[in-house]
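Chains, contacts and geometry: an overview
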Amino acid sequence: MTEHHRLPRTRDDWQALAAELTVERGLETRAYIDDAFVEAQRGATLATVNPATGEILAEVASCDAADAEVAVAAARAAVDGGAWSRLAPGRRKAVLLKLADLMAAHKHELALLDTLDMGKPISSALGDLAGAIGCLRYQAECIDKLYGEVAPTGEEALALVLREPLGVVACIVPWNFPLMMTAWKIAPALAAGNSVILKPSEKSPLSALRLASLAREAGLPRGVFQVLPGFGHTVGKALALSMEVDCLAFTGSTGVGKQLMQYAGQSNLKKVYLECGGKSPNIVFADCKDLDRVAKHAAAAIFHNQGEVCIAGSRLLVENSIREAFVDKVLAAAEAMQPGDPLDPASFMGAMVDRAQYERVLDFIRCGVEEGATLRAGGEALEGPGLFIPPTVFDGVTERMAIGREEIFGPVLAVFGFDSEEEAVRLANDSDYGLAAGLWSQDIDRIMRVTRRLRSGQVFVNNWAGGDQTMPFGGVKQSGNGRDKSHHSLEEYSDLKSVWMSLSP
Ligand code: NAD
């Protein structure tokens, strides 16, 4: 697709652009392996469906172990050849900045592919893309500013600590932020000099394939960046079990994360970085000011991206003295966040990614009613054919209820009440997950006390989901062990080599 001179502004504009994204007009559906776009060796394909309409967008190559083997061999050859792994960091930076520029030049097309593929509103997809480009630029800019070390040892030696690429990195990513999650992995992995094999979700492969052609145009050498669409249990598993993959960088569910650690143990003890699920608490103390504003943020914290967000603020913990009034304000805010056509820039929520996820969310809603929580909003899917579920709010949730414990990954908010700071911290930490937590208060002593006690990879104080490229992103407990973004993620994609050089007296 050629980028139009006029900025798309209306739903009609976006629909017109979407009409151009067809296989007949060159939409890429093949895997990108060893510098070529190819069908899967066994000829298998998978259908990718627009969940807002039910229409099949394309049949995409569905790779398996045989394709993984070829890609891994090409990636290894690239590492050994050194055209990227031994290239001066400043020159890698230039290539990655060019890729970022190309993404920016094609931002409408890339955002649109994610919207069509997984149902998110186009305005959100554009925001994600800005984040993805920002991540690429940040990591590219970092790489020629990181120094190795001279260890402070005695005069008899010069002791160097060098940073070297890991080798072959397989990035396995989910569908909820297809390009942004991709960028969070591939940007530091490529910047650090690795060869990267990207396995996008089978539910959202299109933007990754477009990215492959941009990466080629930017000048990434052969075998350094490859894209293998396909299912997790086929190509994903083959990459995870490969003896020649040095690192798995994963974002997805906790269940699959656990499997990946097993695969690493069964194969070559590859490094495994996991960014997994969450059930994040958002704590509202009675002393916080401007409850209307806080309520809007609390609603957006769960309903943004249809609730399909790892850090969704899905558990709202409200001090009982303000709970009734506050929940009313959340309901009013949620009312303004109804799902709509993802191609309409005014839509705040879009469609659920696919029928399985849609049914799963509706099952949890039925379960919440059966468990005795009070349904205050939503609860019923909208008329088809699109897979739309409105903002759904349950009050009176307890930690024993499934809707209060399990990651639903949909627009379902569970409201808990608490009477003391102690109880708020106990409820917040009573979870298998530890990805994000929010707290709203004006009391700085309380803020610091509670922040320190929350078992969470990130804490948002008087905001939700704040952060930029300078901040590491990741979880504790069963939310994972990796850190995306910031220069800390670059460190994950390199090994330390200790060099002890004896010096004659
Ligand atoms: P998922 O775990 O089902 O799939 C993620 C990826 O893993 C997909 O590409 C899938 O094909 C692949 N996969 C599945 N089984 C595999 C296997 N056996 N071997 C190798 N690969 C396999 O997750 P999803 O449904 O795509 O995404 C939703 C999940 O992602 C949620 O749990 C969400 O919280 C999590 N998530 C976490 C973060 C974070 O940063 N912590 C960010 C976004 C999403």
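Residues numbered from 1 in each chain as written. Predicted model: local features only at pLDDT ≥ 70, side-chain atom pairs only at ≥ 80, totals over all residues. Heavy atoms only, no water.

**Here's the deal with the domain arrangement of the protein**
This is how the line gets drawn: Residue ranges labeled as domains rest on an automatic or database domain assignment. Should any heavy atoms of two residues lie within 4.5 Å, those residues are counted as being in contact. We count a salt bridge whenever a side-chain nitrogen from Lys or Arg sits within 4 Å of a carboxyl oxygen from Asp or Glu. As used in this structure description, the phrase polar contact means that two N or O atoms lie within 3.5 Å; if the pair is within protein, one of them must be able to donate a hydrogen and the other to accept it, and residues adjacent in sequence are counted only when both atoms belong to side chains.
You can read the domains of the protein as domain 1 (11-276 + 480-496) and domain 2 (281-468). Using C-alpha coordinates to define each centre, domain 1 is positioned 30 Å away from domain 2. Across the contact, 25 residues belong to domain 1 and 29 residues belong to domain 2. Taken together, the links from domain 1 to domain 2 amount to 3 salt bridges. Close ionic contact of aspartate 354 with lysine 203 constitutes a salt bridge, the shortest N to O distance being 3.3 Å. Counting every contact that joins domain 1 to domain 2 gives 10 residue pairs in polar contact (both at pLDDT 80 or more).

**Some words on the packing of aromatic side chains**
What describes a pair of aromatic rings is the distance from one ring centre to the other and the angle between the planes of the rings. We count it as follows: Ring pairs shown here join Phe, Tyr and Trp side chains whose ring centres sit within 6.5 Å, with only the six-membered ring taken for Trp; geometry is labelled stacked below 30 degrees between planes, edge-to-face above 60, and tilted in between. When a residue's accessible area, from a 1.4 Å probe over protein chains only, is under 20% of the maximum for its type it is buried; when over 50% it is exposed; and in between it is partly exposed.
What the rule picks out here adds up to 6 aromatic pairs. Relative to phenylalanine 37, the ring of tyrosine 32 lies with its centre 4.7 Å away and its plane at 35°, an arrangement referred to as tilted. For tyrosine 32, a relative accessible area of 3% puts it in the buried group. Judged by its relative accessible area of 15%, phenylalanine 37 is buried. Measuring from centroid to centroid gives 5.2 Å for phenylalanine 460 and tryptophan 464, while their planes differ by 65°, and the two rings are edge-to-face. Phenylalanine 460 sits in the buried class, given a relative accessible area of 5%. Take tryptophan 464: its relative accessible area is 12%, and that puts it in the buried class.

**Let's talk about helix α6 (residues 178-191)**
Put simply, the rule reads: Each helix is a run of H or I in the DSSP string that is no shorter than four residues. Each strand is a run of E no shorter than two, and both are numbered from the N terminus. Helix span is expected to be 1.5 Å times the residue number reduced by one.
Counted at 1.5 Å a residue, the expected span for α6 with its 14 residues is 20 Å, and the 20 Å between its end C-alpha atoms agrees. Where burial is concerned, most of α6 is hidden: 14 out of the 14 residues are buried. At the C-terminal side of α6, glycine 193 shows a positive phi close to 100°.

**With respect to the site of the ligand**
For clarity, the threshold we go by: A cutoff of 4 Å decides nearness: a residue is near a molecule or strand if any of its heavy atoms lies inside that distance of it. Residue burial considers only the protein chains on display, and all accessible areas are found by Shrake-Rupley using a 1.4 Å probe.
Residues in contact with the ligand amount to 29 residues; listed here are only the nearest, Lys199, Glu202, Ser253, Cys276 and Glu407. A distance of 2.8 Å separates an oxygen atom of the ligand from a polar atom in the backbone of valine 173. For the ligand, a nitrogen atom lies 2.7 Å from a polar atom in the backbone of cysteine 276. Surface burial for the ligand is 91%, taken as the share of its 850 Å² of free accessible area covered by protein chains. Secondary-structure elements contributing two or more residues to the shell around the ligand are α8 (232-241), β10 (247-251) and α9 (254-266). Broken down by element, the shell around the ligand gets its largest block of residues, 4 residues, from α9.

**Notes on the sheet that holds strand β5 (residues 149-150)**
Inclusion rule: A pair of strands counts as paired when DSSP detects no fewer than two bridges linking them.
Sheet architecture is open: 3 strands sit in the order β5-β6-β21, paired in antiparallel fashion. The open sheet has two free edges, formed respectively by β5 and β21 (494-502), since each of these has just one partner strand. Direction of pairing for strand β6 (residues 157-165) relative to β21: antiparallel, over a ladder of 9 bridges. Its bridge partner lying in β21, leucine 160 is registered against valine 499.

**Describing the packing of helix α10 (residues 291-303) against helix α11 (residues 320-335)**
What counts here: Note on definitions: angles span 0 to 180 degrees between N-to-C directions of axes, and those axes are lines fitted to C-alpha atoms, for helices only across the stretch in contact. Relative orientations are named as follows: roughly parallel for angles under 35 degrees, roughly antiparallel for angles over 145 degrees, roughly perpendicular for angles from 65 to 115 degrees, and oblique for any other angle. Take the far helix as the reference: if the near one is turned anticlockwise from it by less than a right angle, the crossing is left-handed, and if turned clockwise, right-handed. In the scheme used here, Gly and all other residues not listed as nonpolar or charged are polar, with Ala, Val, Leu, Ile, Met, Phe, Trp, Tyr, Cys and Pro taken as nonpolar and Asp, Glu, Lys and Arg as charged.
One can describe the packing of α10 onto α11 by two numbers: an axis separation of 8 Å at closest approach and a directional angle of 60°. Viewed along their axes, α10 and α11 adopt a mutual orientation that is oblique. Seen along the crossing, α10 lies across α11 with a hand that is right-handed. Across the interface between the two elements, Leu291, Asp292, Val294, Ala295, Lys296, Ala298, Ala299 and Phe303 from α10 touch Ile322, Phe326, Lys329, Val330, Ala333 and Ala334 from α11. Its residues assigned to classes, the contact of α10 with α11 comprises 11 nonpolar, no polar and 3 charged.

**Concerning the sheet that holds strand β18 (residues 436-440)**
One open sheet holds the 7 strands; their spatial order is β14-β15-β16-β13-β12-β18-β19, and the pairing between them is mixed. Of all strands in the sheet, those bounded by a partner on one side alone are β14 (374-377) and β19 (458-461). Shown here is a sheet whose adjacent strand axes are inclined to one another by a mean of 25°, direction ignored. Bridge analysis of strand β15 (residues 392-395) against strand β16 (residues 412-418) gives 3 bridges, and the strand direction is parallel. Residue threonine 392 lies in a different strand from β16, and its bridge partner there is valine 412. Sitting on the sheet, helix α12 (residues 355-371) touches β14, β15 and β16, and the angle it makes with β15 is about 25°. Most of the contacts of helix α14 (residues 421-429) go to β16, to which it runs at about 145°, and overall it touches β12 (281-284), β13 (315-319) and β16.

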